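Read off the chains here:
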Amino acid sequence: MALNIDRLIITTDETARAYLKRAYDIAWNRSSDNKTKTGAVIVSPFKNYISKEISNGYNHLTPGVENIPEWSERPLKYTGTVHAETDAISKAAKNGARLEDSIMYMPWIPCTLCYIIIKNSGIKMLVAHKEMVLMSPPHWEEDLNRTIFLAERSKFPIILYEGKIGGVKSLFDGKVWEP
């Protein structure tokens, strides 16, 4: 099986690169995950070509759960981890921010559950980094393809930024790389 990204929109837009850089930076500096760090940035709709960050998030253990070795290994890790997307949306809700028509920037295509939450929150578009998406492990492909399928059916644009981000580091599957 392979990811069905051939029908997704590709961009090299500088704004996309800048917000993806911010998402990588947030993940690198704030995520406590020792295997894969990911971040998300939610941005207001563009008005007069100006946008601003509404919220951001990163993957981490549920607040109050101690970061002990057992919780950092799969599959237990998945039961106690807050995903970057839901972290950013939760923070926006706590701060009373409206997400209607906003844009989410993050390195990945979200899992199906996160996609449903993103779509339901009023976010109108997702921008991911093509290089990171192509690094998705085979055991994620089925779920990510379901996300792509749902996005296509609901006319929710997933845009892939193609190009180097530069100036940031990322941790994926225990290995540091520079997007």
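Everything below is about the structure printed above this text.
Calculation criteria
Residues numbered from 1 in each chain as written. Predicted model: local features only at pLDDT ≥ 70, side-chain atom pairs only at ≥ 80, totals over all residues. Heavy atoms only, no water. Core = buried A, V, L, I, M, F, W, Y, C linked by side-chain atoms within 4.5 Å. Buried < 20%, exposed > 50% of the residue type's maximum accessible area, 1.4 Å probe, protein only. Helix = DSSP H or I, 4+ residues; strand = E, 2+ residues; numbered from the N terminus. Contact = heavy atoms within 4.5 Å. Phe/Tyr/Trp six-rings, centres within 6.5 Å; stacked < 30°, edge-to-face > 60°. Salt bridge = Lys/Arg side-chain N within 4 Å of Asp/Glu carboxyl O. Pairing = 2+ DSSP bridges. Axes fitted to C-alpha atoms, helices over the stretch in contact; angles between N-to-C directions.

Asks: Give me the lowdown on the nonpolar core, citing residues and values where you can.
Replies: One recurring pattern in soluble globular proteins is that nonpolar side chains are buried together. Ranked by size, the top nonpolar core spans 46 residues in total, and within it Ile5, Met104, Tyr105, Ile109, Ile123, Val127 and Phe156 carry the most contacts. Examining the composition of this core, we find that six residues originate from one element, helix H1 (residues 14-30), more than from any other. With near-sequence residues (within four places) excluded, Ile5 lies in contact with Ile109, Lys130, Val133, Leu134, Ile148 and Leu160.

Asks: Can you break down the packing of aromatic side chains residue by residue, with the values?
Replies: Inspection of every chain in the model, using the stated rule, returns five aromatic pairs. Taken together, a centroid distance of 5.4 Å and an interplanar angle of 80 degrees make the contact between Tyr115 and Phe156 edge-to-face. One end of the pair, Tyr115, is in helix H4 (residues 112-121); the other, Phe156, is in the loop between helix H6 (141-153) and strand S8 (158-161), and 41 residues separate them in sequence. Both residues of the pair, Tyr115 and Phe156, belong to the buried class. Three or more aromatic residues link up through ring pairs in this structure, and these residues are Trp108, Trp140 and Phe172.

Asks: Pulling in residues and values, what's your account of the pattern of salt bridges?
Replies: Under the counting rule described, the total for this entry stands at nine salt bridges. For the salt bridge of Glu152 with Arg7, the shortest nitrogen-to-oxygen distance reads 2.8 Å. Of this pair, Glu152 sits in helix H6 while Arg7 sits in the segment before strand S1 (9-11), and the two are 145 residues apart along the sequence. For Glu152, a relative accessible area of 25% translates into the label partly exposed. Between Lys130 and Glu162 there is a salt bridge whose closest N-O contact spans 2.9 Å. Residue Lys130 is found in helix H5 (residues 130-134), and its partner Glu162 is found in the loop between S8 and strand S9 (170-172); the two are separated by 32 residues along the sequence.

Asks: Which residues make up the sheet that holds strand S7 (residues 125-129), and what values go with them?
Replies: In space, the six strands of this open sheet follow the order S1-S8-S7-S6-S2-S3, with mixed pairing throughout. Because the sheet does not close on itself, it has two edges, and the strands there are S1 and strand S3 (53-58). In this sheet, neighbouring strand axes are inclined to one another by 25 degrees on average, regardless of whether the strands run parallel or antiparallel.

Asks: Outline the pairing of strand S2 (residues 39-43), supporting the account with residue identities and numerical values.
Replies: Most of S2 sits out of view: five of its five residues are buried. Burial of S2 is two-sided: the residues Gly39, Val41 and Val43 facing one way and the residues Ala40 and Ile42 facing the other way are all buried. Pairing of S2 with S3 involves five bridges; the strand directions are antiparallel. Bridging from a neighbouring strand, Gly39 pairs with Tyr58 of S3. When S2 meets strand S6 (residues 103-105), the two strands line up antiparallel, connected through three bridges. Bridge pairing links Val41 to Tyr105 in S6.

Asks: Provide a residue-level description of the environment of Ile42, including the pertinent values.
Replies: Within the secondary structure, Ile42 is located in strand S2. Sequence separation of Ile42 and Ile123 is 81 residues, and the distance between their C-alpha atoms is 8.3 Å. Apart from the residues lying within four places of it in its own chain, the contact partners of Ile42 are Lys52, Glu53, Ile54, Ser55, Ala88, Ile89, Leu99, Ser102, Ile103, Met104 and Ile123.

Asks: Residue-level account of the environment of Ala88, with values.
Replies: Summarising the element assignment, Ala88 is placed in helix H3 (residues 84-94). The class for Ala88 is buried, based on a relative accessible area of 0%. Sequence-wise, Ala88 and Gly57 are 31 residues apart; in three dimensions their C-alpha atoms are separated by 4.0 Å. Look past the residues within four positions of Ala88 in its chain and what remains in contact with it is Ala40, Ile42, Ser55, Asn56 and Gly57.

Asks: Got a sec to walk through unusual backbone geometry? Specific residues and values, please.
Replies: Most of the time, phi is negative for any residue but glycine, and the peptide bond is trans. Backbone geometry places Asp101, a non-glycine residue, at a positive phi of 70 degrees. Notably, Asp173 is not glycine yet its phi reads approximately 50 degrees, a positive angle. Tracing the sequence through the fold places Asp173 in the loop between S9 and strand S10 (175-177). With a relative accessible area of 38%, Asp173 lands in the partly exposed category.

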